[in-house]
Amino acid sequence: MFSYIIQRLLYGSLVILGVLIVVFFIFHALPGDPVAMMAGQRSDVSTREAIAKDLGLDKSLGDQFLLYLNDVLPISIHQNTLENESKYEYQKLVTLGESVLVIKVPYLRRSFQNHKLVSSILYEHMSGTFWLALTAMIFATVLGITFGVIAALKQNSFTDHFLVTTSILGISAPSFVVAILMAVLFGFYWADYTGLNLTGQLWVTHPMEGRQLEIKNIILPAFTLGIRPLSIIVQLTRSSMLDVLSQDYIRTAKAKGLSTRTIIFKHALKNALNPVITAVSGWLASLMAGAFFVELIFNWKGLGLISIKAVENLDFPVVMGCTLFIALVFIVINILVDILYAVVDPRVKLNH
Amino acid sequence: MIETLKGFLGCLLLLVAFSCSQEEKSKHKILRYNQGDESLTSLDPAFSRSKANIRAATQLFNGLVELDNDLKVIPSIAESWNISDDGKTYSFNLKHGVKFHQNEVFANDTGREVTAEDFVYSFKRIIDSTIASPGAWIFNDKVLRNSNGKISDTCFKAKDRYVLNIYLERPFPAFLEILAMPYGFVVPEEAIKKYGKDFRVHPIGTGPFVFKHWDEGSTLIFHRNNDYWKLDEKGQQLPYLDAVQVSFINDKTLAFLTFSQGKLDFLVGIEDNSPELFLEQDGNLKEEFKNRFKYNKSPYLYTEYLGFQLDSSFSKNKEHPFHNKKVRQALNYGINREELIAYLRYNLGIIGENGIVPLALPYFAQHRTKGYNYDPQKSLRLLKEAGFEHAGDLPEIKLYTSSPYKYIAEFLQKQWSDLGVKVSLEVNQASTHREMIDKGIAPFFRASWLGDYPDAENYLSLFYSKNFTPAGPNKCHYKNAAFDALYETAIKETDYEKRNEMYSRLDQMIMDDSPVIVLFYDEIIRLTQPYVKGLQVNAMNTISLEKVDIGK
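Residues numbered from 1 in each chain as written. Chains lettered and ligands numbered in written order. Predicted model: local features only at pLDDT ≥ 70, side-chain atom pairs only at ≥ 80, totals over all residues. Heavy atoms only, no water.

Enquirer: Outline the overall build of chain A, supporting the account with residue identities and numerical values.
Expert: Across its full length, chain A carries 15 helices and 5 strands. Across chain A, contacts joining residues at least 24 apart in sequence account for 66% of those joining residues at least 6 apart. As displayed, chain A has an accessible area near 17500 Å², and 67% of this comes from carbon and sulfur atoms. Distance between charge centres in chain A, computed from 26 positive and 23 negative side chains, equals 13 Å. (Helix = DSSP H or I, 4+ residues; strand = E, 2+ residues; numbered from the N terminus. Contact = heavy atoms within 4.5 Å. Areas by Shrake-Rupley, 256 points an atom, 1.4 Å probe, with all protein chains shown as cover. Lys, Arg positive; Asp, Glu negative; His and termini not counted. Charge placed at Lys NZ, Arg CZ, Asp CG, Glu CD.)

Set out below in structure tokens:
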């Protein structure tokens, strides 16, 4: 299993390199001039030159790419200066004349727009996205499997029809509509009863009291984000449960005189969960990439909104940083899911 | 399974109840506003290129001078100043005892006194190419240069601890207005040395508020500067507020809803917001809000216009109809600006029937430039004179715009098609739109100009032939020797009346030549909770919170 993971990681780093090359060249083919975005409405020649130099845009495209690659690679070559040492925070490996071969944490540069380190932008926004995605998925999975099982057990009853119809509604409602409805209903019209805010973060800083955890702020966005996966999980669990329940070994189990509870949870559900895991993992990975509408409506600090804004403002380092990070998330989650399959289904073996 | 679910829900409910009970009204005076229309990128005044950055920096820093509500230059850290007779030497006497905010970067953790050397350092930092400040243009072509053409090392000079001299290459009477811009704010060298680029999140200035906390994209908090050097008329220490809290709600509707819930004290930048939420069609506040909020409207130093690309080297067709003045004038006469303001903009804005310089500048409100009104007959006659017997003979015109202004473009399209002129639209993202203008790809485009400083020169520089895009602001590539000559004379004239008289003539020249179609001059609208006092407004829409108070 260990060698399997190593192999997958190596394969994943090739994927990341591919993403880097594609995004780099697509970005530079985009119309728009980052220097103009940085300079504001009034400018002059020397101001623009200074900005272009500061952003590293005064070099040829090939040089820009090599320099960026060198900055991102964990093993790279830099001029051996004190300035570089504090910029990249590297560990020297071999000194080669004036240059030095180093090992370092990938350096994602600073944002064009606000000069903030991209790594700290990612770090700040990642935690918001992570908690939101996790809460939404836990909510969707727990409720989804429960409702799915109930619907399957009471097939063709009112409850079943009700759950199936509602879940179709949940799948087809566009996320921006749901988000606005949730925000306006629970955060505005009924705010006196729910006590919820229209917008807000998990951690809120008050002017005098300082930083405080406000869990209530995650309820609306997480619920909104979870509605669609919830509906899909209900449907998946239901159909997969029905499929399993009609199989021979369930009849055998019943004939053996096992209790209904054991049959459902130990025999049926465990086997019915495989397609659900695929769905959940896929959703989790894409939710980790940020959810633009939910972030916009609830003003939630996450990756979706900043990546869209960065593209609008031609903020290359942020666009690149976000894309690389999201690619990494997909790779890691895919590896984790493969491992999870092996745990749930003994027939799956982790080999090449 | 069901049990765990119940437990989970129970925990959640408990947490909700717990966090609700914590809400307690604090006794501090806290002003809360939203910064929604654009994102705040830096608190460093050297990067204050957007309204958001200017707004925040204004609370933390001071410069030599500032602007009052009528856009007149008044003293700030400089107590008084002299301008030499040739208009090239400015000498400022600084106030004694103005201190930077208390901070660990200063010895003994106390605020250090501001001296003339600090201004020399701050100004040199603006023109330092390694800093790459977008504000370098304010000094670049104005301050003294050596014989080799490089900016002189001694153009900013501290004569003694409290006297600062600035030497200019040639007279530039609007220089004081320029110094009032946030690029001219004073910053301490110690802090820049320590934080470098991260001074953007560790700002230390002399302003009424001290930086406390910035959770980017979420909250920004300033606390009262207890040692602020300004007193009010009664001799009471400023500012009155204990803290300022800025939120960053992107969505306009949500920002308004949050405001109407009483969770914000005023709405700023609503000129870009959705006026349909709170305005009647005629521009008055909706009945339901009349007793709840204060509402005011005032002129804004902002012109919305359409530009023609006049540079023939950009067009394949050397005989482009836009190179014919009569065609440009015809299009100018062909639109009803009153309808645009009344039907599309809830009566926000002043119709653009005067020059490119907005009426918010007092001289131009008194001496109005003659622009273009709605006159379809004249429009058709001009087209005929230009050789287009029927308006439909004119080749199809393409108007380029960025997406937020599509509604204006569509209205204009309709107006011109009523005359018989064929018009199509191309809508692009802001960054693409800008590049298309800069590179001359867009022959007819929507643009706007927000005054950087209150002098007509700022607007007229849009037509000076040495300011061609992409480096300069002359988007139309307008070139007129007579204009250039008068412009060069006007910007050196130190007498206010004489200078503005020349500006006024320049403005008229532009309108006669019609390289642009002026649409309207915008207005600032503000919604405030009734208990907010002393919030003033000037035509630059800068917001100074030092004299704002909250009284329930």
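Structure shown, so let's carry the discussion forward.
Enquirer: Talk me through the interface of chain B and chain A; I want residue IDs and the actual numbers.
Expert: Taken together, the contact between chain B and chain A spans 66 residues of the former and 56 residues of the latter. Note on chain B versus chain A: buried area summed over both sides is about 5400 Å², and carbon and sulfur give 56% of it. Counting across the chain B and chain A interface gives 4 salt bridges. Where B:Glu216 meets A:Lys116, a salt bridge forms, and the shortest distance between an N and an O atom there is 2.8 Å. Listing elements by their share of the side of chain B that touches chain A, those giving two or more residues are helix H1 (2-21), helix H4 (137-140), strand S8 (209-215), strand S9 (219-224), strand S10 (243-247), helix H7 (252-260), helix H14 (430-438) and strand S16 (444-450) of chain B. It is H1(B) that provides the largest number of residues to the side of chain B that touches chain A, a total of 6 residues. (Buried area = accessible area lost by both parts, 1.4 Å probe. Salt bridge = Lys/Arg side-chain N within 4 Å of Asp/Glu carboxyl O.)

Enquirer: Could you give me a rundown of the packing of aromatic side chains, with the residues and numbers involved?
Expert: Following the criterion strictly, the structure yields 47 aromatic pairs over all chains and no others. An angle of 40° between the planes, with centres 6.5 Å apart, marks the rings of A:Phe24 and A:Tyr68 as tilted. Taken together, the residues A:Phe24 in helix H1 (residues 2-29) and A:Tyr68 in helix H4 (residues 61-72) connect sequence positions 44 residues apart. Each member of the pair, A:Phe24 as well as A:Tyr68, is classed as buried. Seen from their ring centres, A:Tyr68 and A:Phe316 are 5.2 Å apart, and the 65° between their planes marks the pair as edge-to-face. A residue pair is termed long-range when its members are at least 10 positions apart, and A:Tyr68 in helix H4 and A:Phe316 in helix H15 (residues 316-344) qualify at 248 residues. A connected cluster of aromatic rings, assembled from ring pairs, spans B:Trp81, B:Tyr90, B:Phe92, B:Phe119, B:Phe123, B:Phe139, B:Phe156 and B:Phe175. In this structure, B:Arg446 packs its charged tip against the face of B:Tyr405, placed 3.4 Å from the ring centre. (Phe/Tyr/Trp six-rings, centres within 6.5 Å; stacked < 30°, edge-to-face > 60°. Buried < 20%, exposed > 50% of the residue type's maximum accessible area, 1.4 Å probe, protein only. Lys NZ or Arg CZ within 6 Å of the ring centre and 35° of its normal.)

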